[in-house]
Amino acid sequence: MKSNRFYLTTPIYYVNDYPHIGHAYTTIAADILSRWSRLNGKNVFFLTGTDEHGAKICDAAQKNNQTPLAFCDGIVEGFRSAWKNLAIENTDFIRTTEKRHEAAVQKLLSVLHEKGFIYNNTYKGLYCVGCEKFISETDLDDTGCCPDHRQKPAHHEEENYFFKLSAFQQQLIDIISDEKHPQHIVVLPRERRNEILGKLKQGLDDISISRIALTWGIPLPFDAKQTAYVWVDALINYISAVGYGELPGADSPDAAQRINDFNTWWPADLHLMAKDILWFHSVIWPAMLLAAGVALPKKIFAHGFFTIDGNKMSKTIGNVIRPDQLIEKFGVDATRYLTVSLFPFGSDGDISWDALTDKYNVDLANNFGNLISRTLSMTQKYFSGTIPPATDSAPDLIDRVAKILADVPGAVDALEFHKIADRIQCAVTLVNQQIEQDAPWKMAKEANQRLGAAMNSYLQTTALITLYLVPFMPSICQKIWESFGAVEPVATAAHAYFTASVPPTTFVRSGAGILNPGILFPRIQK
Ligand code: ME8
């Protein structure tokens with residue numbers, strides 16, 4: 001069971017505002033991986049959720065004249081509906097204000113306290129509420145502001161509890177750098193792993209893990225006057241959602257279920273995020289787990305950060321893109337495909353409406369959309385809408401397409417969405433070129449006997465390509481599948497193909513009647 005399971009997570013997003021394309025980017029990527037894994041026979045747990053404590057949320061609630069919880073409740077609905085609209089199929093959605101999470105935070109902090117990894121001291125320094133982190137003078141810009149949030153950080157001096165992060169420096173270096181280490185964590189991309197190692201080698205300070213002045217948080221189990229630092233609270237979501245920590249009624253069937261769930265799902269196979277929060281995930285989180293004696297996650301991948309039209313996304317600039325705006329312009333499926341394929345996942349990049357529209361028109365309207373519509377319309381025209389049989393001497397087109405697509409599984413494992421899209425488009429181009437070269441319209445005029453087999457091969461290769469696109473564009477692929485006269489759902493076919501090599505011909509059969517799906521990817525004006 002354990003070897004076949006796949007537990008992946010997105011960050012839990014701050015609810016100081018509704019989700020934007022940055023949040024959608026990570027969540028769509030996670031959903032594609034999750035769907036791909038399910039189609040490949042894995043038992044998947046895909047977790048996302050919201051980070052609801054801390055000064056940032058408290059301030060945002062105050063500005064809206066709401067209690068923090070009422071404010072969070074409203075924004076959380078915005079996240080839930082954004083994910084529903086983007087066809088995100090997460091297994092669970094964790095909120096840090098839930099009882100199950102509070103129980104897990106309190107349990108983990110109690111364990112750290114009992115084991116002597118927590119001590120009391122005075123914290124003196126700067127704190128950026130935007131980052132929700134302690135920041136040093138050297139991190140500030142010329143005007144004394146946090147360069148990311150353009151705010152002056154507040155001075156803090158309070159009695160806090162500290163976590164002995166420094167005790168884990170060498171262990172973390174070994175765990176991240178040594179592939180043979182029994183607790184090895186794969187941190188990717190490699191350049192970011194090297195940055196983390198470089199920073200780790202410079203030394204580690206202990207970190208403050210509580211706040212006395214902030215009541216909007218989870219009380220420490222050993223000192224209820226203090227609340228847990230929002231990052232310590234947030235990271236624990238990855239275990240609270242799968243059953244860590246006892247809820248009241250420890251001998252209830254629910255409690256037994258939680259223990260069973262935790263043993264089933266933890267450790268996580270993959271934590272996904274952007275590079276902004278890699279330090280927290282690859283250093284602070286593993287150190288907390290090491291201290292508590294809990295297993296470590298297996299892989300952490302930090303994708304790039306993107307700008308919009310060359311600028312940081314910000315409400316002040318007015319360039320924030322919301323998922324619903326993308327859906328309105330491109331539709332759900334194309335939005336999913338476009339966001340993750342515009343530039344390499346591990347790199348920083350720039351997004352613009354024009355670049356998205358260009359990619360939509362090139363990849364989807366002109367290339368893939370054209371392939372679907374021409375194969376269907378020619379089948380209609382030359383074979384009265386019935387799929388003609390293949391012959392033994394069928395062209396080797398399927399083999400050539402399959403060879404290109406054989407690169408896809410490796411690219412999925414490496415989270416190279418850009419490359420996956422590229423291989424798929426290459427396969428589409430190959431079939432389009434074959435059609436141009438064969439010129440079926442001429443074959444029809446000449447009553448060429450090979451026309452049926454040729455047409456069958458276009459339909460089969462298009463069907464094969466469609467199977468690889470299911471995780472990206474689930475509902476359009478289903479429509480395409482139905483238009484090819486297949487009865488079984490496309491996800492069933494993809495599962496059969498990926499797990500047992502059942503060929504698309506089993507589903508897209510000769511003799512079946514095709515249907516007209518209408519225009520799937522209408523061209524869009526810039
Ligand atoms: O950091 N480019 O939440 P957050 C790419 N609550 N990805 C982006 C992006 C951009 N311009 N903007 C946002 C937090 N993201 C914490 C996390 S986890 C225990 C706690 C995505 O709302 C990306 O995944 O600021 C990034 O890591 C995350 O949103 C930050 O979300």
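Up top you'll find the structure we're talking about.
This text gives an overview of the structure that appears in the document. What you see is a predicted model; the values in this text were computed from it and never measured.

Looking at the site of the ligand
Inference 1: Taken together, 22 residues are adjacent to the ligand, and Ile12, Tyr14, Thr26, Asp51 and Asp276 come closest.
Inference 2: Residue Tyr14 places a main-chain N or O atom 3.0 Å away from an oxygen atom belonging to the ligand.
Inference 3: Interatomic distance of 2.6 Å between a side-chain N/O atom of Thr26 and an oxygen atom of the ligand.
Inference 4: About the coverage of the ligand: the protein hides 93% of its 680 Å² of free accessible area.
Inference 5: Per-element tally for the shell around the ligand: the top contributor is strand β1 (residues 5-14), with four residues.
Inference 6: Grouping the constituent residues of the shell around the ligand by class yields 12 nonpolar, eight polar and two charged.

A short note on the pattern of salt bridges
Inference 1: Taken as a whole and assessed by the stated rule, the structure comprises 23 salt bridges.
Inference 2: Salt-bridge contacts for Asp92 lead to Arg100; the nearest nitrogen and oxygen are separated by 2.8 Å. Note on accessibility: Asp92 and Arg100 belong to one class, buried.
Inference 3: Between Asp422 and Arg423 there is a salt bridge, with its nearest N and O atoms 3.5 Å apart.
Inference 4: Judged by relative accessible area, which is 40%, Asp422 ranks as partly exposed.
Inference 5: Among the charged side chains, a salt-bridge network with shared partners connects Asp31, Arg35, Glu89 and Arg336.

Definitions and cut-offs
- Residues numbered from 1 in each chain as written.
- Predicted model: local features only at pLDDT ≥ 70, side-chain atom pairs only at ≥ 80, totals over all residues.
- Heavy atoms only, no water.
- Near = heavy atom within 4 Å.
- Polar contact = N/O pair within 3.5 Å; in protein donor to acceptor, adjacent residues only side chain to side chain.
- Areas by Shrake-Rupley, 256 points an atom, 1.4 Å probe, with all protein chains shown as cover.
- Helix = DSSP H or I, 4+ residues; strand = E, 2+ residues; numbered from the N terminus.
- Nonpolar A, V, L, I, M, F, W, Y, C, P; charged D, E, K, R; others polar.
- Salt bridge = Lys/Arg side-chain N within 4 Å of Asp/Glu carboxyl O.
- Buried < 20%, exposed > 50% of the residue type's maximum accessible area, 1.4 Å probe, protein only.

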